[in-house]
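# Report on the structure
So the chains spell out like this:
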Amino acid sequence: MATTTPTIVTPQPTKAAAATAAAATEEAAKTNLNNVSPPSSPLMFPVPVRSFSPPRSLSPRSMSPGGDSQELFPNIQSTDFLGFKFNGRTYKEQLERAAASGHLCAISCKIRCIKGMDVMWMEHQYNFIGGSLGCAEGEKLCLGLEHATELGLPAVIVSRSGGARMQEGTLSLMQMAKVSVAVQAFKAQGLPYISVCLDPTYGGTTASYAMQGDIRIALKSARIGFAGENVILNTVFKMDQEAYDRECPPGFQSATFVRQHGQLDILIDDVSQLDSVVNKILTILGAPRNWHQKLAVLPERPLSQKPDGYKPDFSKSRRGDRIQGQDIIDQVFTDFVELCGDGRIGVDCCIRGGLALLDGSPVVVIATFKGHDAVSLQAANFGMASPAGYRMAQRLMLLAEHFGIPVVSLVDTPGAYPSFESEAEGQPEAIATNLVTMAGLNVPFVTLMLGEGGSGGALAVAMGDRIGMLSEGYYGVITPEGAVSILCRYRNDVEKHAKFSADCLNMAATQKIYPSDLLELGVIDEIIWERDSDTYRNCPATVAAIRDFFVHSIASVSMLSHTEVVQERHNKFRGMGRYATLTEEQQAAHIQKCVSPTSVTTSRTPAGTADKALAPLPDDVPKLLRFIADVVVNGPHSILYNPQPSDITVIEPLKPSKPLNLASMPHNAKWVLDHEGPDALTKWIRAQDRVLITDTTMRDAHQSLFATRARTEDLLCAADETAVVLHDAFSLEMWGGATFDVCLRFLHECPWRRLRLLRQKIPNVCFQMLIRGANAVGYTSYPDNLIERFLQQAAKNGIDIFRIFDCFNDLSQMLPCIKTVRECGKVAEVCMCFTGNFLSPDEKIYTLDYYKDLAQRIDAAGAHIIAIKDMAGLFRPQMAEPFMKALRSVTQLPIHFHTHNTSSAAFTSIINLARAGCEIVDVATASMADTTSQPSMNAFLAAMEGCERDPKINYLTLEKLDLLWNNIRATYHPFESGLKNGTARVYDHQIPGGQYSNLIAQCKSMGIWNRWGEVLDMYRDVNKAFGDIIKVTPSSKCVGDMALFLITNNMTAKDLWTKGKTIDFPGSVQSFFKGMLGFPHHGLPADLSEIILKGDQPIKGRPNDNLPPADFAAARAMLLAKYGREFSEEDVISSLFYPQVFADYVQFTAKHGGDLIMHLPSYTFLFGMKINSGITVYANPCDPASPRYFIKLQRVGPLSHENFRTVAFVVNKLHNVDVKLKETRAEPTDSATTMQLANPSDKSHIPSPLPGIVDKIYVKVGDKVEKGAVLLSVAAMKMEVQVAAPHAGIVEKLCVQTGTKVTNKSLLAQVVELPTV
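Residues numbered from 1 in each chain as written. Predicted model: local features only at pLDDT ≥ 70, side-chain atom pairs only at ≥ 80, totals over all residues. Heavy atoms only, no water.

Okay, the overall build of the protein next. Within the protein, the secondary structure is distributed over 47 helices and 35 strands. At 45 Å, the protein has a C-alpha radius of gyration far larger than the 34 Å of a compact globule built from 1317 residues. In terms of overall dimensions, the protein has C-alpha extents of about 130 × 100 × 70 Å along its principal axes. Classification of the 1317 residues of the protein by burial places 54% in the buried group. (Helix = DSSP H or I, 4+ residues; strand = E, 2+ residues; numbered from the N terminus. Rg over C-alpha atoms; globule rule 2.2 N^0.38 Å. Buried < 20%, exposed > 50% of the residue type's maximum accessible area, 1.4 Å probe, protein only.)

Rendered as structure tokens:
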């Protein structure tokens, strides 16, 4: 079949399209709104530029049998002018296949007759290359629009297209611009253009004429957008489908989605509805605009009369049954077609509007919707509009001007919607733009104020040429309530409640916001008087008056030209206002009068009625408030940003079950010790026919479960009930161990104050503490005289029983403590730390003979009690009988057993031990027991009930106390170890229960929690590498530090020998091998010791023997000089144990409220406060006469541009305190995530050995250092690693400062190697 090559045409615009806007503007200035000739057909589209009426029949054209014309411009053909070919396919072949559809391009163009109305109808043919837009399609659309202009017809373009046609290159892109200029020329003639989007409408089609219609319609099932899914997926999400699916908004690019975002007016369910919708719109727009004729025949209109007894009351404007905007649309107008959205990005639920007929003539109606019930009122946002609403109103105003039809606005709003979103979306700009738009609008504009007329939100749609007002409405700069709230100052809520309503009525009258006042002021033009009986369902007279007002107003304004309309509106609003104009002499006289002292009137409070001056708050209170504010705003667990579990509450003190009456209570261990001494107590214990218990809840239980974080305030809440229900307990372990430094380091409290307060609350039960022998309550060795002074002060402050241990069971390390405790008249309970498995034939170190020998030596050393300290819970139930038998063969001292239930078998162990004759066992209240803690006290008491050695404490009496501890424990959930059940694996890794939770916390802080299983194995391997040592604080810490170090550096225990010479070992490990903790009885591996010490030699003898004695006088003088105040003996001791920790504690408490911070509820200390919540803080909870402060958090202010917030508190209902502080969570992420990593190939780079914080820096830039010199130290929780120079060199650069967060291998410094000579 022969083919012909088509002629490629460069299109030229028709003459009609050349009619420019300049001519239109010139003619517009001459045109009167009423000079429209009577139409030759029922419908017409008169506009400022020209008047016309579409003819019923047009020639030359042929109509199809159904009344539509045949295809127009059928000769326009798509062509392959680029010779496009890609992936083996040619565009020419595609065109030939597409032509089988019967079309030469993807646009069909014809004149359709829709219910008697001719319309230029252009439609995409999707079966022609997906309806895509190419040069032929663009040409045919332009020709259709130009032909519609010539014939005076409205135009409809139905889009169904994938976008611009790629096979035609850049010229296909240019069709968007080409058709756009044709659309602009068509719309300049005032002809209606309706765009319709079918499925799909994408790309260049959507981004041009599909969204340029005066009115936009879409099929509800259509997909509409610019960039398709694949484009977004590839460009933004880099082909990450999961991320795309997660971020994709619901209903994305559906017609409903697009309409919700303001870009479509009308949705239709089916294409069959399209003709009816188009016809209705064009019928309204083509209706007669014969307002001049109406005016000629309208009768003289009497104004509605004020009813008898009328009394203005602004609150009546809000009556739910009053007539509102939506009711007037229903009852005054006909054929209303709602148009939706601002045309760009938003839809508003309050301001709505569209096209309608008023007395048979077209108008644009804009109304603020409300609602007659709570649901509809809320759905309309209580009549408050967003920027999208005001922009939609502006769009409708401009649409009215475009078609030359009047605007009617119905206003009932308390004001523009005051929200963060509204401000961000440009509320002031939207209102301001509307005011200018209304000022220049050249069509009649009539406004009716229906009810509320609040501020600029009402004015933004209310600049009518004629303004009417319903009689029960108000119109003002602010609501009366808003004005009273700003201008009135009430002394309290009672006074406000009594006066507020009357003050609002007075304010409304004073501001003259009622219709009669506004008519007199010239703000409104007419009052439409309502009747008391009116409701929105039945107010015919009011509706008739409203209709008459609209028709008369529009008709009278329509007599003016466009220019006169604008000028009269200008004059109307330009003339509003009341003010004085003074001559120069009057100005001078007025100013002189105002500055004259005699003219100043001072309001004085009558004598005797002035409020008493408030006594200022103590300095510590505002400091405490700043701490609370910082937790609220910046705390890692802030309740404002991190919802907490529902079971967390503010803990209140537990009221005791009965008063503590010591005179009527039986003698117990505390009475025996206080009245007869420690030796008598030893005999008393051995004489008991019951097993005694020690409750560890206040010390080792929380150390083992949640990293020793229990605060003194919580312990005090439990203290009164504890004194009552545990009077018959042997002791309460409540001090020492890790609690001492954690109090100072993390809880910011004085451990000594904790001891004293608890002793005040619980005078009747022995207090027990844990002391680490020569390591006291620290992690290294201390001078003997410091430990002696510490023990003396502990005894003085309330400790009765000192559980003394050494991490290697070295009795020489415990002897000084035993001696001092005995001298103080207290109980020396000396420990043998238990490890290993003496039942195993493979056990060679920790055999039963080893423990027998140790027990014998402890007895000889002067102990009152022997404690078995089973730190990891390795003591198995079947060991009880042989172990007790072995001990009884060498000592008759009472045996006190301590264990951890990590394996879940320890409960059975203490049952068996009790039966085997063990005098005392450690337990914890049920809610604080098990896993890494001690076995359950409640369960033990219940299990032993009725047995030969029944402890004789009713477990049911402990329930109230246990419930309290359950609530206390919930507060500390961020610090829980995470162990939800027991694990027999403890028999393998042997981690002490007290260390377990700390080790987990360390792993989480270092980012290796995901390697927890490896950590457990590494702990076991390090212990073996160290020679299978006893693992208890502080030796256990050394094993843990080494294990974590190896894990973070991806090394194994074997690497200690192969790579040890290049490793910067943790300081605790170096100190351990140096002998600063003493030595295991079987020694340490010599070869590993040499590697770790790097040539340094272990010390000889006791570590303490090599230490100079503590100088208490010098320490006291140093503290006085540094802080300018005296410190107690206890504080001096604390500073000698932990110099930096104590310094940090003093600094922190001085800044944040002194001892008050100790008594904050833990909920507040950890999580902050909720808005409007209150707490009570006691200066001394044990002294009812001490000051107390009720603190209420009123508000947390918004974030300023400088990242500051103001946090407002009220103290004791009288003091208002505002705290302004910086929100650090709003600042960039911490340095650890942005630091440069060390380059392993660059020898000058010094990497961080672990994730943590730079603790100390020992050098500065330019220093010359030797190989092995310590440069700085990095700390992770309690683990510190000193980083040494790998070679001699010059410090060229320091990349960190003290406090910098670093990750593993972060670049710390650069040390340039010196050349060898």
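Right, picking up where we left off after that structure.
On to the nonpolar core. With 213 residues, the main nonpolar core has I628, F790 and F1026 as its most contacted residues. No other element matches helix α23 (residues 620-634), which puts nine residues into this core. Beyond its immediate stretch of four places on either side in the chain, I628 contacts L1160, T1164, M1169, I1175, I1191 and F1209. Formed by 69 residues, the second largest nonpolar core is a distinct cluster that contains L355, A393, I405 and V461. (Core = buried A, V, L, I, M, F, W, Y, C linked by side-chain atoms within 4.5 Å. Contact = heavy atoms within 4.5 Å.)

Of note, M1018 is situated in helix α39 (residues 1012-1025). When its relative accessible area of 7% is taken as the criterion, M1018 is described as buried. Residues contacting M1018, with those up to four places away along its chain left out, are A1043, L1046, I1047, M1051, T1052 and A1053.

Here we come to the pairing of strand β7 (residues 215-219). With five of its five residues buried, β7 lies for the most part within the structure. Residues I215, I217 and L219 point to one face of β7 and R216 and A218 to the other, with burial holding for every one of them. The pairing of strand β6 (residues 193-201) with β7 spans four bridges and is parallel. Within β7, the residue paired with C197 across the bridge is A218. Two strands pair when backbone bridges link them, and β7 and strand β8 (residues 266-268) are joined in this way by three bridges, in the parallel orientation. When the sheet's bridge partners are listed, A218 is paired in β8 with L267. (Pairing = 2+ DSSP bridges.)

To continue, consider a negative patch on the surface. Judged by side-chain charge, E229, D240, E242 and D245 come together as a negatively charged surface patch. According to the relative accessible area criterion, E242 is exposed, its value standing at 60%. (Patch = residues over 30% accessible without salt bridge, like charges linked within 9 Å, V, L, I, M, F, W, Y side chains within 5 Å. Areas by Shrake-Rupley, 256 points an atom, 1.4 Å probe, with all protein chains shown as cover. Salt bridge = Lys/Arg side-chain N within 4 Å of Asp/Glu carboxyl O. Lys, Arg positive; Asp, Glu negative; His and termini not counted. Charge placed at Lys NZ, Arg CZ, Asp CG, Glu CD.)

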